[in-house]
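# Chain and residue survey
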Amino acid sequence: MYDLMAMTDRQVLPEDSRVLREAALRGKVYVRWPNDRPWLEQIEGVGDPLRRLQGMKKRGSLASIARGRWIVMPPGASTISQAASPPILLAALLDGRAEWYLGFLSALIEHGLTDIDSETLYVAVRGRPSLGALTAGGRTVRVVRLVRADDWAGVERLRAQGRSFTCRSDIERTLLDTLAHPKMCGPAEIWVRAWGRAASEERLDVGRLFDYVE
C-alpha cells in the first residue's frame, strides 16, 4: 500500500487518501474512467468520482497519461516516467482501446537480445483502431497495425505490478517480427545479432518458431 503520509510535497485530502488506499488494495497502478467508476462510487465521501480524479491530478497524487486515464503517483515520483515502468505506462495508455503488445526493438531490449537502449517504444496493435499520436512518460510510441488472421500467437500476458498486466511478444514472435517489420527493429546488425544470441544461449524454441510460421 502507498505510504500516504510520505507525500509531504502534495496536498492529499482525506477523501483522496481513501481513493489511493482503495486503488492500492485493488492492486491498481492506474485508473480508467468510466471503467473504474463502480468502485470509486463506493468510497465514502468521494463525491462526484470524475471531479475527484481531476482534483487529485491537480493536487499531484494522480498524473494524466491520456483522456480519462491517470497513473497513481507513488511517494517520491514527480514525473510519470518515475511513477511507472514503460510496460505499465503502455497498459494504462492502451488497455481497452486496442489489443496490443510490446514488440519489435522494445521486445528485443526487454528479452535481453540486444544491449542497446531506445527512447522510442514500439508496440503492435491488432487491426486499425483510431489511436492518434501516442506518448508514454515523455517517450514516443511507434505503433504497428497488424491485420494478420492468426490467433495472436506468441503474445505473452505478464503480471507487471500489483494486479496490472502487460503484453509482450515472446522470443520467437519477437524474432519473426524482425523479419516482417525490420524497420521497427533498429539497424539490421541489431536484429541479426539478436537471432545469433538467442540461438547461442539456447533460448530459441525452434519447434515453437515453426508453429508460428505455419
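Once that is clear, we can look at the nonpolar core. Counting 28 residues, the largest nonpolar core has Ile 71, Leu 90, Leu 93, Trp 100 and Val 141 as its most contacted members. Of all the secondary structure elements, the ones that give two or more residues to this core are β2 (62-66), α4 (80-83), α5 (86-94), β4 (100-102), β5 (121-126) and β6 (134-136). Once residues within four sequence positions are removed from consideration, Trp 100 is found in contact with Pro 87, Leu 90, Ala 91, Leu 94, Asp 95, Val 123, Ala 124, Val 125, Trp 152, Val 155, Thr 166 and Cys 167.

Turning to helix α3 (residues 49-59), its buried residues number three or more, namely Pro 49, Arg 52, Leu 53, Gly 55 and Met 56. The buried residues of α3 occupy one face: seen down the axis, they fall within an arc of 165 degrees. Exposed side of α3, more than 90 degrees from the buried face: Arg 51 and Lys 58 are the residues found there. In this structure, the buried residues of α3 make contact with α1 (14-25), β1 (30-32), α2 (37-41), β2 and β3 (69-72). The N-cap of α3, judged by a side-chain oxygen 3.3 Å from the amide nitrogen of Leu 50 a few residues on, is Asp 48. One or two positions beyond α3, positive phi appears at Gly 60, with a value near 95 degrees.

Within the secondary structure layout, Thr 114 lies in the loop between α6 (104-110) and β5. Its relative accessible area of 11% is what places Thr 114 among the buried residues. If sequence neighbours within four positions are ignored, Thr 114 has contacts with Leu 108, Ile 109, Ile 190 and Arg 197.

Another point: the pairing of β5. The element β5 is extensively covered by neighbouring structure, given that 5 of its 6 residues are classed as buried. In this sheet, β5 lies alongside β4 in antiparallel orientation, the contact comprising 3 bridges. Following the sheet pairing, Trp 100 is matched in β5 by Val 125. As paired elements, β5 and strand β7 (residues 139-146) share 6 bridges and run parallel to each other. Among the inter-strand pairings, Val 123 is bridged to a residue of β7, identified as Val 143.

This part is about α1. Taking 1.5 Å of rise per residue, 12 residues should cover 16 Å, and α1 covers 16 Å from first to last C-alpha, within 8% of that figure. Buried residues of α1: Asp 16, Ser 17, Val 19, Leu 20 and Ala 23, and no others. For α1, the arc enclosing every buried residue in end-on projection is 160 degrees, short of the 170-degree limit, so these residues lie on one face. For α1, exposure combined with an orientation more than 90 degrees from the buried face picks out Pro 14 and Leu 25. For α1, the secondary structure elements touched by its buried residues are α2, α3, β2 and β3.

With that out of the way, let us pick up the environment of Arg 145. Relative to the elements of secondary structure, Arg 145 occurs in strand β7. Judged by relative accessible area, Arg 145 falls into the partly exposed class, the value being 33%. Residues Arg 145 and Gly 127 lie 18 residues apart in sequence; the distance between their C-alpha atoms is 5.8 Å. If we skip the residues at most four places from it in the chain, Arg 145 touches Val 125, Gly 127, Arg 128, Pro 129 and Leu 131. A polar atom in the side chain of Arg 145 sits 3.3 Å from the backbone oxygen of Pro 129.

Now for the packing of aromatic side chains. In this structure the tally under the stated criterion is 2 aromatic pairs. Between Tyr 101 and Phe 104, the ring centres sit 6.4 Å apart and the planes meet at 25 degrees, which makes this aromatic pair stacked. Each member of the pair, Tyr 101 together with Phe 104, is buried. Where Tyr 101 meets Trp 152, the ring centres are 5.3 Å apart and the plane angle is 65 degrees; that geometry is what we call edge-to-face. Placement of Tyr 101 in strand β4 and of Trp 152 in the loop between β7 and β8 (155-161) is noted, with a sequence separation of 51 residues between them.

Basis of the calculations
Residues numbered from 1 in each chain as written. Predicted model: local features only at pLDDT ≥ 70, side-chain atom pairs only at ≥ 80, totals over all residues. Heavy atoms only, no water. Core = buried A, V, L, I, M, F, W, Y, C linked by side-chain atoms within 4.5 Å. Buried < 20%, exposed > 50% of the residue type's maximum accessible area, 1.4 Å probe, protein only. Helix = DSSP H or I, 4+ residues; strand = E, 2+ residues; numbered from the N terminus. Contact = heavy atoms within 4.5 Å. Arc of directions from axis to C-beta. Polar contact = N/O pair within 3.5 Å; in protein donor to acceptor, adjacent residues only side chain to side chain. Pairing = 2+ DSSP bridges. Expected span 1.5 Å × (residues − 1). Phe/Tyr/Trp six-rings, centres within 6.5 Å; stacked < 30°, edge-to-face > 60°.

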